[in-house]
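Remarks on the overall topology
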Amino acid sequence: MQYISEPMFHAFGVELAIKREDMLHPVVSGNKWRKLKYNMLEARKQGYKTLLSFGGAYSNHIHALAGVGRELDVTTIGLIRGESFANDNPTLSYARHCGMQLYFVDRATYRRRHEPDYIEELMQRFGPCYLLPEGGSNLLAVKGVAELWQEVSEPFDYVAVAAGTGATAAGVISGAPLATEIRVFAVLKGAGFLRNEISGYLDEMGYTTPWRLHDNYHFGAYARISPQLVAFMDRFEALHQIPLDPVYTAKMLYGVYDQIRQGAIPPGSRVLAIHTGGLQGRHGMETRMQSLRTHKEYAYE
Ligand SMILES: *Cc1c(COP(=O)(O)O)cnc(C)c1O
């Protein structure tokens, strides 16, 4: 838990702490560790020796699964969206180094990842596998994320978390004390589907904590960044010595700062932001971030 000191927070009477889930494990960081925990136990219980999952070429989930596979000595298979020639990068090199078997699938095929026919084909091809959805998102993942509350001993009025598939947010909401309101920051455009996605998980978990989805801090699309976002990140990292990733945690914290500035977080509130990790994916953005630093709109106040 790290406390963030900012004159602006002082002016608005708000306190902000960050839970450093990025420090959970040297390679399996943040929410991906939490999401994999019960899935790995379940795979073992059901006697599977192989896990198969899906992801993009910079996927934090693929990276985490490969690392866990190596540590627990289970075979992992990654179906990666896109062509192999376009997909040589440190995330995939690390996955290969861990022994993950990588297969590249075109976008049309990748879109079939939920179809029973396609999954049947995969089982024919690879033999019996424990299947993990994209992002490792399922109910066992939600259950694992909810456990982060065991490490929070102080009361907070608001908790902020970034959302891609929404499983992490559902875990945070389902485990939260009743007096806490969860603010979910969507990192992709058209995130209305997240409401249903998260509600679906919550119905199964049973919950009563209030939550709210912010769908206006996506900066254009998933993994899209702006000069203002990079300026915010650079300033934040320099002042607080906490590394962020531009895809998830930077957008979430930008949203938190904006909500405080707009007075949407009442004075006297204590806010907890979850640092969900994801720092390995940063290298994929480094070139674009560097070019945005010379943009005329590179500024944060
Ligand atoms: C995957 C990821 C998320 C989003 O998790 P979901 O459960 O898909 O919503 C948030 N932050 C980081 C750093 C991630 O890697």
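Heads up: the structure comes first, above all this text.
These numbers were taken from a predicted model, which means no experiment stands behind them. (Residues numbered from 1 in each chain as written. Predicted model: local features only at pLDDT ≥ 70, side-chain atom pairs only at ≥ 80, totals over all residues. Heavy atoms only, no water.)

**So, helix H9 (residues 193–205)**
Over its 13 residues, H9 runs 19 Å from end to end, which matches the ideal 18 Å to within 8%, given 1.5 Å per residue. Of the positions making up H9, those classed as buried are Leu194, Ile198, Tyr201 and Leu202. One side of H9 carries all its buried residues, which in axial view fall inside an arc of 100 degrees. Opposite the buried face of H9, at more than 90 degrees from it, the exposed residues are Asn196, Asp203 and Glu204. One or two steps after H9, the chain reaches glycine 206, where phi turns positive at roughly 80 degrees. (Helix = DSSP H or I, 4+ residues; strand = E, 2+ residues; numbered from the N terminus. Expected span 1.5 Å × (residues − 1). Buried < 20%, exposed > 50% of the residue type's maximum accessible area, 1.4 Å probe, protein only. Arc of directions from axis to C-beta.)

**Observations regarding the sheet that holds strand S6 (residues 130–131)**
With respect to topology, 4 strands assemble into an open sheet ordered S5-S4-S3-S6, the strand pairing being parallel. Both edges of this open sheet fall to strand S5 (101–105) and S6, since each of them pairs with a single strand only. Here strand S3 (residues 50–55) pairs with strand S4 (residues 75–81) via 6 bridges, running parallel. Each residue of the ladder has a partner; that of leucine 51, found in S4, is threonine 76. (Pairing = 2+ DSSP bridges.)

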